[in-house]
Amino acid sequence: MSKAKILIIDDDSNMRRALNVRLKAEGYETIFAADGFSATTTALKEVPDLVLLDLGLPAGDGFVVMERFQGNSKLCGIPIIVLTAREVQGNKDRAIASGAYAFFQKPPDNERLMSTIGRVLEGTHLGGGVTRT
Amino acid sequence: MLPRSRRSHANKVKRETGTERTMRSKKGQLEQDVKRKGSRVCSRLTDFEATMKAIYCGEVDGLAVDGPEGRRIFALHDPEGPYRILAERMNEGMATLSAEGIILFGNRRLGEMVGLPADRLVGFTFLSVLEEKGRPDFFELVRRGLEEDVRAEGCLLRSDGVMVPVQFSLSQISLEGSQRGLCLVVTDLSNQKKAQEELRLSQERLSGIIQSAMDGIITVDEQQNIVLFNGAAGAMLRCSAQEAVGQSIECFIPERFRAAHREHIRNFAATGITNREMGVNDALWAMRAGGEEFQIETSISKVETPDKRLFTVILRDVTARKRAEEELKQSRERQLRVKDELLSHVSHELRSPMACIHQFTTIMLDGLSGPLNSDQRENLEIILKSANQLRSMIDDLLETTRIQAGKVKLERGCVVLHDAVQEAIEMMRAEAGEKAIALQHETYGESVLVCADPHRVLQILLNLIGNALKFTGTRGWVKVKYGLDATDPTHALVSVQDNGCGIKAPAQAHVFERLFQEEASIDQGHQGLGLGLAICKELVALHRGRIWVESEPGCGSTFSFTLPVYSLDKILTPVLLENEKAPEAISLITIRVAPRPDTPSMEAWVKTRRKFVDLLHRCTLPDKDVVLPPVRRNAKGESFVIVACTDTPGAEVMIQRIKKQMKRDPEFADYGIAHIASRLLQLTRGIDKCTSKEIEALTSEITRAVSQAMDQGESTNEQSKDPDYRR
């Protein structure tokens, strides 16, 4: 299996660095974006296999990014896992409804996060979208 | 001495007696004659003396004398005496005036009025005792008085300079010598005038009060016509008093309310109640001259006067107040919004750096930045622990604020109490181990299902167990007991008991308060914000349960709480009623999960089952579908039911999604879906038209269908219909 490419979208450079360490340790390839606008452009350019998305972003928050992804034929199939400092209630349902596969609150349970990422990627490889319509 | 002839007609008349005649004799006729004459004189003197005495004593009213002109009566008492007494005693001043107005006689009272003795007035013109400007009028009055009886008001000038208001009454009389004169009666009007003035002042005062009142005051009669209309009412209704008085009050009531108003007045008039406040809670409208409507508050009272009944209406324009109330409400909402935004902002800001601490510490602990020596490991673990404490405190703080703001919604489901307790104990086992505290559980009776939010139940249990561990010494014990509440079968009872230090009696009343911490607990191991129990209390309250503590210092504490027992309609009803769109149909999706043929048993299933339920939740819409809690589990597998507000095609999509997810997830490798099918429930009408009775009937129907589906699923043998099952 080729190395999956994961796009980390977070305006916090520390978080990007921490996630990078973890994901690299799991054997994934990582790319980054720090705001809503470059999230879309980077995704279009790199076409990642999975996106880790923070909600509190400049130039269009996470929900806007999800909307853009859904609306784009190239991007709508990419699974998104939301990872945010915002509170669970309200945001989780909204994220799932917007198409996110899973919702994690920072700091995440790393084990769960990694296994979820693994499952999602496996699922994609077996074909069929995992995001709910 | 009176002449003989008169004397003899006095009251006491004496006659010559016969005895005296026989006394006449020849012998000494002269002697006898003298004697006779002498005694006659004596007796007449005696009579005379007696008569004079009588007259002197006032016993004689008059004398009748026969004289050459005939008999004449002389009155000894004044015939005008009684009248004189009357004149002197009466309370009015009285005078006799000549035709020119000169005082011929004045009574004592007149003298008092004028301030001079009455006899001193005689001879003066009456004008001299009048105030100057009244003199010409009096002159005229005298002239008229000679023709007819007249009456007029005027003013006397008293000797001390005071003006006395009086009424004159003149009538003509004849005086001696056939002269014309006047009888004048003077009545002192001072008291009357004073009373009139006081009344006037009092009326002016009252009128002033009514006019100056800030509220509108309108008095109407029984026919609703306006009798009184004060300035404030005029300003409010844009109508002057002159225009309003006489009009019906209905012209100030918007047409659509007139009938109701009439009815109200009728009822009010009939009842004995004298006051009524209207428009305080419901809106009452009045109409200004010109048609503009505005909101009012009024109160109405009844006044019974001797001649008629009046109603007083007090009117207050509440437009300004209502506006202020509205603004206050909006300002409060704004404040709440600002507070929420602040909270969310704070939450975000605090979490991010804390998450970083957590992330990097775990990265290092996981060896991802190089090997660690034991010191470094230990230090990092301390950092991590502190970071976790910090996170927990932040969570608590935000949680309690959110609960207060009413932002916490429960996602009620069926919670198997046993499972929740087990999970909580598992999660706390490590911490208990650190202090060698025995963590036990005990159940009374059968397994209980509660209707609750599973995450919250766990939160409450973790909090209580955590507290118990904090306040129990090493090698102590903490026991979690759970089961049906013996005193209340509709609730389950859970208690967390420890043999720790206990809570002092005065503190027991405050433990559930926010930020309360017992003094003894402020030491290293017991750090916290003191919010945990407050949050537990709020969460239990949201579930409509109760929470309380029993404790004895030195022996330990028992924290207990109740949760409502689960019933299917409790779960279904909110979902069925919340639907805005009326679903055409409800589908029941039954899923039976069984271990694969080569898997030994269902034991391992317990751990993965929760993940499967999560999977089901992920495939359903939380506000439209209900994943029923699993209740049938045996060695052969477990049945699940989803009540979905969708038709068959929609159910089919859901089924496919579930299957796919199951296949994809390596967690479920040992299990498979033995059976999955959907069944459509026909509804007689749309949900939004259902009454609560119909909702009840519907949930019963669903319950029955669920049971049937479960039975069907269980009867499936190893030969499954699902091809994916055999892999």
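This is a predicted model, so every value here is computed, not measured.

Visitor: Please set out the overall build of chain B residue by residue, giving values where relevant.
Guide: A count of helices and strands for chain B gives 20 helices and 24 strands. By sequence separation, contacts in chain B at least 24 residues apart represent 60% of the contacts at least 6 residues apart.

Visitor: Give a description of the packing of helix H14 (residues 454-470) of chain B against helix H16 (residues 532-542) of chain B that names residues and reports values.
Guide: All names here are of chain B. Between H14 and H16, the shortest axis-to-axis distance is 10 Å and the interhelical angle comes to 145°. Crossing hand, H14 versus H16: left-handed. On H16, the residues that touch Arg456, Gln459, Ile460, Asn463, Leu464 and Asn467 of H14 are Gly532, Leu533, Ile535, Cys536, Leu539 and Val540. Its residues assigned to classes, the contact of H14 with H16 shows seven nonpolar, four polar and one charged.

Visitor: Got a sec to walk through the side chain of Thr42(A)? Specific residues and values, please.
Guide: All names here are of chain A. Checked against the element boundaries, threonine 42 lands in helix H2 (residues 36-46). Polar side-chain contacts of threonine 42 include one of 2.6 Å to the backbone oxygen of serine 38. Excluding anything up to four places from it in sequence, threonine 42 contacts Leu7, Phe32, Ala33 and Val47.

Visitor: Residue-level account of the packing of aromatic side chains, with values.
Guide: Residue and element names in this part refer to chain B. Counted according to the given criterion, the structure contains five aromatic pairs over all chains. Judged by centre distance (6.0 Å) and plane angle (80°), the rings of phenylalanine 512 and phenylalanine 559 are edge-to-face. One end of the pair, phenylalanine 512, is in the loop between helix H15 (505-508) and H16; the other, phenylalanine 559, is in strand S20 (residues 556-564), and 47 residues separate them in sequence. For the pair phenylalanine 512 and phenylalanine 559, a shared accessibility class is recorded, and that class is buried. Ring pairing ties together the aromatic residues Phe126, Phe138 and Phe168, which thus form one cluster. One cation-aromatic arrangement involves lysine 479 over tryptophan 477; the distance from NZ or CZ to the ring centre is 5.8 Å.

Visitor: Residues and numbers for the sheet that holds strand S3 (residues 50-53) of chain A, please.
Guide: Residues and elements named next belong to chain A. Strands sit in the order S2-S1-S3-S4-S5 across an open sheet of five strands; the sheet is parallel. Each end of this open sheet is capped by a strand with a single partner; those strands are strand S2 (29-33) and strand S5 (102-105). Strand-to-strand, the axes of this sheet are offset by a mean angle of 20°, without reference to chain direction. Where strand S1 (residues 5-9) meets S3, four bridges bridge the pair, whose relative direction is parallel. Paired with isoleucine 9 across the bridge in S3 is leucine 53. Across the sheet, helix H1 (residues 13-26) is in contact with S1, S2, S3 and strand S4 (80-84); its angle to S2 comes to roughly 165°. Sitting on the sheet, helix H4 (residues 88-97) is in contact with S4 and S5, with an inclination near 155° to S5.

Visitor: Just give me the short version of the pairing of strand S4 (residues 103-106) of chain B, but keep the residues and values in it.
Guide: All names here are of chain B. As defined by bridge partners, strand S3 (residues 93-98) adjoins S4 across three bridges and the pair is classed as antiparallel. When the bridges of S4 are listed, leucine 97 appears paired with isoleucine 103. Here S3 folds back onto S4 in antiparallel fashion, the turn holding four residues, of which glycine 101 has a positive phi close to 95°.

Visitor: How would you explain the sheet that holds strand S6 (residues 163-175) of chain B if you had to name every residue and give the values?
Guide: Residues and elements named next belong to chain B. Here we have five strands laid out as an open sheet, ordered S4-S3-S7-S6-S5, and antiparallel in their pairing. Each edge of the open sheet carries a strand with a single partner, namely S4 and strand S5 (150-157). This sheet shows a mean twist of 30° between the axes of neighbouring strands, independent of strand direction. Note: S3 against strand S7 (residues 179-188), six bridges, orientation antiparallel. By the bridge assignment, leucine 97 is partnered in S7 with leucine 182.

Visitor: Describe the nonpolar core, and please don't skip the residues or the numbers.
Guide: Residues and elements named next belong to chain B. In terms of nonpolar packing, the biggest core is built from 45 residues, with Val450, Leu461, Leu464, Ile465, Val480 and Phe561 touching the most fellow members. Of all the elements in the fold, those that place two or more residues in this core are helix H13 (417-434), strand S16 (449-452), H14, strand S17 (477-484), strand S18 (491-498), H16, strand S19 (547-552) and S20. Broken down by element, this core gets its largest block of residues, eight residues, from H14. Setting aside chain neighbours within four positions, we find valine 480 in contact with Val421, Ile425, Gln440, His441, Glu442, Leu461, Ile465, Val494, Ser495 and Val496. Met113, Val142, Leu170 and Leu182 belong to the second largest nonpolar core, which has 23 residues in total.

Visitor: Break down the interface of chain A and chain B for me, with residues and values.
Guide: Contact with chain A, which involves 32 residues of that partner, is made by 31 residues of chain B. Inspection of the chain A/chain B interface yields one salt bridge. When the shortest N-O distance is used, the salt bridge between Asp366(B) and Arg22(A) registers 2.7 Å. For the interface between chain A and chain B, the tally reads five residue pairs in polar contact (both at pLDDT 80 or more). Elements with a contribution of two residues or more to the side of chain A that touches chain B: H1, H4 and helix H5 (110-125) of chain A. Here the residues of the side of chain A that touches chain B are counted per class, giving 11 nonpolar, 11 polar and 10 charged.

Visitor: Could you give me a rundown of the confidence of the model for chain B, with the residues and numbers involved?
Guide: Here chain B shows a mean pLDDT of 80. Residues at 70 or above account for 82%. Interface confidence for the predicted complex, given as ipTM, is 0.84, next to a pTM of 0.47.

Visitor: So what's going on with the pattern of salt bridges? Residues and values would help.
Guide: Going through the model one piece at a time under the given rule, you end up with 31 salt bridges over all chains. With a shortest N-O distance of 2.9 Å, Lys106(A) and Asp10(A) are connected by a salt bridge. Taken together, the positions of Lys106(A) in the loop between S5 and H5 and Asp10(A) in the loop between S1 and H1 put the pair 96 residues apart, joining distant regions of the chain. Both residues of the pair, Lys106(A) and Asp10(A), count as buried. Across the salt bridge formed by Arg288(B) and Asp317(B), the nearest N and O atoms sit 3.9 Å from each other. A residue pair is termed long-range when its members are at least 10 positions apart, and Arg288(B) in the loop between strand S11 (284-287) and strand S12 (293-304) and Asp317(B) in strand S13 (residues 309-317) qualify at 29 residues.

Visitor: Pulling in residues and values, what's your account of unusual backbone geometry?
Guide: Note that the residue after Lys106(A), namely Pro107(A), is joined by a cis bond; omega there is -10°. Look at Ala59(A): it is not a glycine, yet its phi comes out positive at around 55°. If you trace the backbone, Ala59(A) turns up in the loop between S3 and helix H3 (62-71). The phi angle at Arg238(B) is positive, at roughly 55°, despite the residue not being glycine. Looking at the secondary structure, you find Arg238(B) in the loop between helix H8 (231-237) and helix H9 (241-244).

Visitor: Which residues make up the side chain of Glu538(B), and what are the values?
Guide: Relative to the elements of secondary structure, Glu538(B) occurs in helix H16. Sequence-distant contacts of Glu538(B), defined by excluding residues within four places in its chain, comprise Thr400(B), Ile403(B) and Gln404(B).

Visitor: So what's going on with a nonpolar patch on the surface? Which residues, and what values?
Guide: All names here are of chain B. Where nonpolar side chains cluster on the molecular surface, the patch consists of Leu342, Val346 and Leu350 and spans about 230 Å² of accessible area. Note that valine 346 resides in helix H11 (residues 319-365). The exposure class of valine 346 is partly exposed, given its relative accessible area of 32%.

Visitor: Lay out the packing of H13(B) against H14(B) with the relevant residues and their values.
Guide: Each pair of packed helices can be summarised by the angle the axes make with each other and by the distance between the axes. Residue and element names in this part refer to chain B. The interhelical angle for the contact between H13 and H14, taken along N-to-C directions, is 35°, at an axis separation of 9 Å. Like other packed secondary-structure pairs, H13 and H14 cross with a definite hand, here right-handed. Only Val457, Leu458, Leu461, Leu462, Ile465, Gly466 and Leu469 of H14 make contact with H13, whose side of the interface consists of Ala420, Val421, Glu423, Ala424, Ile425, Met427, Met428, Glu431 and Ala432. Of the residues that constitute the contact of H13 with H14, the class distribution is 13 nonpolar, one polar and two charged.

Visitor: I'd love a proper account of the environment of Lys481(B), names of residues and values included.
Guide: Residues and elements named next belong to chain B. Relative to the helices and strands, lysine 481 is located in strand S17. Spatially, the C-alpha atoms of lysine 481 and tyrosine 444 are 7.3 Å apart, while their sequence positions differ by 37 residues. Residue contacts for lysine 481: discarding those within four places in its chain leaves Glu442, Tyr444, Leu493, Val494, Ser495 and Gln497.

Visitor: Residue-level account of the confidence of the model for chain A, with values.
Guide: Mean pLDDT for chain A: 87, with 91% of residues reaching 70 or above. The low-confidence segment residues 127-133 of chain A (pLDDT under 50) makes 19 contacts with residues lying over four places distant or belonging to another chain.

Visitor: Describe H1(A), and please don't skip the residues or the numbers.
Guide: All names here are of chain A. With 14 residues, H1 should reach 20 Å at 1.5 Å per residue; the first-to-last C-alpha distance of 20 Å fits that figure. Residues of H1 that are buried: Met15, Arg16, Ala18, Leu19, Asn20, Arg22 and Leu23. Its side-chain oxygen at 3.0 Å from the backbone nitrogen of asparagine 14, aspartate 12 defines the N-terminal cap of H1.

Definitions and cut-offs
- Residues numbered from 1 in each chain as written.
- Chains lettered and ligands numbered in written order.
- Predicted model: local features only at pLDDT ≥ 70, side-chain atom pairs only at ≥ 80, totals over all residues.
- Heavy atoms only, no water.
- Helix = DSSP H or I, 4+ residues; strand = E, 2+ residues; numbered from the N terminus.
- Contact = heavy atoms within 4.5 Å.
- Axes fitted to C-alpha atoms, helices over the stretch in contact; angles between N-to-C directions.
- Left-handed = near helix turned anticlockwise from the far one by under 90°.
- Nonpolar A, V, L, I, M, F, W, Y, C, P; charged D, E, K, R; others polar.
- Polar contact = N/O pair within 3.5 Å; in protein donor to acceptor, adjacent residues only side chain to side chain.
- Phe/Tyr/Trp six-rings, centres within 6.5 Å; stacked < 30°, edge-to-face > 60°.
- Buried < 20%, exposed > 50% of the residue type's maximum accessible area, 1.4 Å probe, protein only.
- Lys NZ or Arg CZ within 6 Å of the ring centre and 35° of its normal.
- Pairing = 2+ DSSP bridges.
- Core = buried A, V, L, I, M, F, W, Y, C linked by side-chain atoms within 4.5 Å.
- Salt bridge = Lys/Arg side-chain N within 4 Å of Asp/Glu carboxyl O.
- pLDDT = per-residue confidence, 0-100.
- Patch = residues over 30% accessible without salt bridge, like charges linked within 9 Å, V, L, I, M, F, W, Y side chains within 5 Å.
- Areas by Shrake-Rupley, 256 points an atom, 1.4 Å probe, with all protein chains shown as cover.
- Expected span 1.5 Å × (residues − 1).

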